[in-house]
Amino acid sequence: MKTFIDHAQSILGMDLDTSRYLVVGNARWKRSVFLYEQGRAEPTVVAKMPANEVAQQQCDREYSGLKSFAKYSIQDVIAPRPKGEMVFGGFKCYFQQVIISDQWLGRLLRSRRRPRRKDFLAAAAYLTRVYESTRFPNVDDGRSFARCFQHGDFWMGNLGQKGSSLVIYDFEYSRHDGLPLFDLLQFALYFRVALKNIGKVGTEIARGSYDRKEEKREFNPSVEDVAVMFVEPGPFRETVAASIQSYCARCGINREDSAMLLREYIEQNRGISGLAPGWENKVLQAH
Amino acid sequence: MRQKGPSDQRPMSDTEAADIHLDPLSNVFFLLGEHRVERLRLIHAQERERLLRGLAACSPGEARIVVCRLGIARELVSRAVFWARLGVGLDGSLHRFRKAVNEIEWSEVGSIAVFPSFDSARFCFPTADHCSHHFLIRQILFPRRYSLTLSTRLLLGIYMLLLRLFPSASFLYRDVCLRIEKR
């Protein structure tokens, strides 16, 4: 580890403490190694270290996304800054800034029965700023919206709050030429997925006997999630509808185009089991 | 959470990736080097004696990774007893084991705490690195407690409270891996 930190020091131009580090993840897949500058109580930089070709591609994409996002200046929306790269153990690893924030995941336990409307409206407000600051100069042909930065994995697990700023993490699926509204719809759908995982893991994880083959958590959305968040009358659909309305109004996206984007989003999630053709019409009718 | 992004094909399913996650030694070997592993329950006197006899018989230059399973309650009690008698804190049975290892001419060249346990060492940091201990619990594990059962969340809450009361709470470590080398 000392060798790694010594190399990192020369790349980063920082005075790092070789006696402090935190390794997270799996050495045969992908690790994050948190590093400390001398005299600092919190880590200031994290190294993403892949250990196979697939993980390398993931890290490559994430770093590329970080660098793209760093070119924008968006009010109250920030992300870790890319800090450099280094070859170690035959793979390229990437350094990025550590931003300590209050993670949005912590709000899930307060949202079991009713989603917190202010979280959805806040997500819509932040994404409005992302759209305004990253949109292409010209709208798509005949449309009321332009292409813009799309995070691609905009769910509560990748969001933090630092004062009045939203901190966004994990840019592996980002693109600079994405579609507006998609990130908000992703936020809504995966909010529901995360809710289903409340209370699924017990003390076996502390004992280290958690068997991933018996995984009780679900990580992919189901048709029921689409129904609850977008179709069935109730607090969840109402909250999602309010946030969509707020976002589209602020971004100047008209009703026809918001319907088109919603339809496109549902069609792109065709891989959800049970989401047969025709579901996009149900969603549109509900909104 | 994965399966994100329009038209992205997942390169590996969760099940396939899970097999890789079942390898408990990968992080330990990454940090301490690949050496023969000896597992030890520190509160078990006969196991300690057997291990120490085995280590004493090794040749100079040999290295081992000793995975020490601490007993949190016992560590707490032994610290409390010493505080009551001497007014100082000690590391309890881990401290005594390290002393015994030194007496048979082995030097400790690395020690890491592993979370949640050695059997699934997903988080690792040097045992003396209390900053990383705090960062792991406060910034990484506590925000993700939503997927834990109520009783496990309470356990984590108690852990956080103990960490606030005892900032250098190495007695909370469940498994510690020591790399030792025969002098």
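Here, the structure is the one placed above.
Residues numbered from 1 in each chain as written. Chains lettered and ligands numbered in written order. Predicted model: local features only at pLDDT ≥ 70, side-chain atom pairs only at ≥ 80, totals over all residues. Heavy atoms only, no water.

Caption draft 1: Inspection of the overall build of chain B at higher detail. A count of helical and extended segments in chain B gives 7 helices and 5 strands. The linear arrangement of helices and strands in chain B, starting from the amino end, is α-α-β-α-β-α-α-β-β-α-α-β. Per-residue burial over chain B gives 46% buried out of 183 residues. Taking contacts inside chain B between residues at least 6 apart in sequence as the whole, the part at least 24 apart equals 71%. Per element, the accessible surface of chain B, about 8800 Å² overall, is 56% carbon and sulfur. (Helix = DSSP H or I, 4+ residues; strand = E, 2+ residues; numbered from the N terminus. Buried < 20%, exposed > 50% of the residue type's maximum accessible area, 1.4 Å probe, protein only. Contact = heavy atoms within 4.5 Å. Areas by Shrake-Rupley, 256 points an atom, 1.4 Å probe, with all protein chains shown as cover.)

Caption draft 2: Representation of the sheet that holds strand β5 (residues 82–88) of chain A within the structure. Taken in spatial order, the 10 strands line up as β5(A)-β6(A)-β3(A)-β2(A)-β1(A)-β4(B)-β3(B)-β5(B)-β2(B)-β1(B) in an open sheet, and their pairing is mixed. Pairing within the sheet leaves two strands with one partner each, and these edge strands are β5 of chain A together with β1 (36–41) of chain B. Geometrically, the sheet is characterised by an average inter-axis angle of 25° between neighbouring strands, direction not taken into account. In this sheet, strand β4 (residues 120–126) of chain B lies alongside strand β1 (residues 16–25) of chain A in antiparallel orientation, the contact comprising 2 bridges. Opposite A:V24, over in β4(B), you have B:F123 as the bridge partner. Contacting β1, β2 (30–37), β3 (45–50), β5 and β6 (91–97) of chain A, helix α1 (residues 2–12) of chain A crosses the sheet at an angle of about 105° to β1(A). (Pairing = 2+ DSSP bridges. Axes fitted to C-alpha atoms, helices over the stretch in contact; angles between N-to-C directions.)

Caption draft 3: The arrangement of the state of the cysteines in detail. Residues and elements named next belong to chain B. Enumeration according to the criterion identifies 0 disulfides over all chains in this entry. There is no disulfide at C131, and the cysteine sulfur nearest it, in C124, is 17 Å away. Classification of C131 as partly exposed rests on a relative accessible area of 24%. No disulfide involves C177; its nearest neighbouring cysteine sulfur is the one of C124, lying 7.1 Å away. (Disulfide = S-S within 2.5 Å.)

Caption draft 4: Local environment of unusual backbone geometry. With omega at -10°, the peptide bond leading from B:F115 into B:P116 counts as cis. You can see B:P116 is positioned in strand β3 (residues 106–117). Residue A:L181 is not a glycine yet carries a positive backbone phi of 75°. Its location among the elements puts A:L181 in the loop between β11 (175–178) and α4 (182–196). Although it is not a glycine, B:E105 adopts a positive phi angle of roughly 70°. The topology assignment puts B:E105 in the loop between α5 (92–103) and β3. For B:E105, a relative accessible area of 46% translates into the label partly exposed.

Caption draft 5: Region of the structure containing the nonpolar core. A:V226, A:M229, A:F230 and A:Y247 are the most contacted members of the largest nonpolar core, which totals 64 residues. Per-element tally for this core: the top contributor is α4(A), with 11 residues. In this structure, B:V101, B:F115, B:I140 and B:Y159 belong to the second largest nonpolar core, which totals 42 residues. (Core = buried A, V, L, I, M, F, W, Y, C linked by side-chain atoms within 4.5 Å.)

Caption draft 6: A look at the pairing of β6(A). Residue and element names in this part refer to chain A. Where burial is concerned, most of β6 is hidden: 5 out of the 7 residues are buried. Where β3 and β6 come together, 4 bridges link them in antiparallel fashion. Paired with V46 across the bridge in β6 is Q96. Relative to β6, β5 runs antiparallel, the two sharing 6 bridges. By the bridge assignment, G84 is partnered in β6 with F95. Taking the residues between adjacent antiparallel strands as the criterion, β5 and β6 are bridged by 2 residues, where G89 takes a positive phi near 60°.

Caption draft 7: Examining the pattern of salt bridges more closely. Residues and elements named next belong to chain A. Scanning all chains against the criterion turns up 26 salt bridges over all chains. Across the pair R129 and D76 runs a salt bridge whose closest N-O atoms are separated by 2.9 Å. With R129 in helix α3 (residues 117–134) and D76 in the loop between α2 (53–70) and β4 (77–78), this residue pair connects regions lying 53 residues apart in the sequence. Owing to a relative accessible area of 26%, R129 belongs among the partly exposed residues under this scheme. (Salt bridge = Lys/Arg side-chain N within 4 Å of Asp/Glu carboxyl O.)

Caption draft 8: Spatial organisation of helix α7 (residues 150–165) of chain B. Taking 1.5 Å of rise per residue, the 16 residues of α7(B) would be expected to cover 22 Å, and the 23 Å separating its terminal C-alpha atoms lies within 8% of that figure. In this fold, the buried residues of α7(B) make contact with β3 and α6 (130–141) of chain B. (Expected span 1.5 Å × (residues − 1).)

Geometry only, nothing functional implied.
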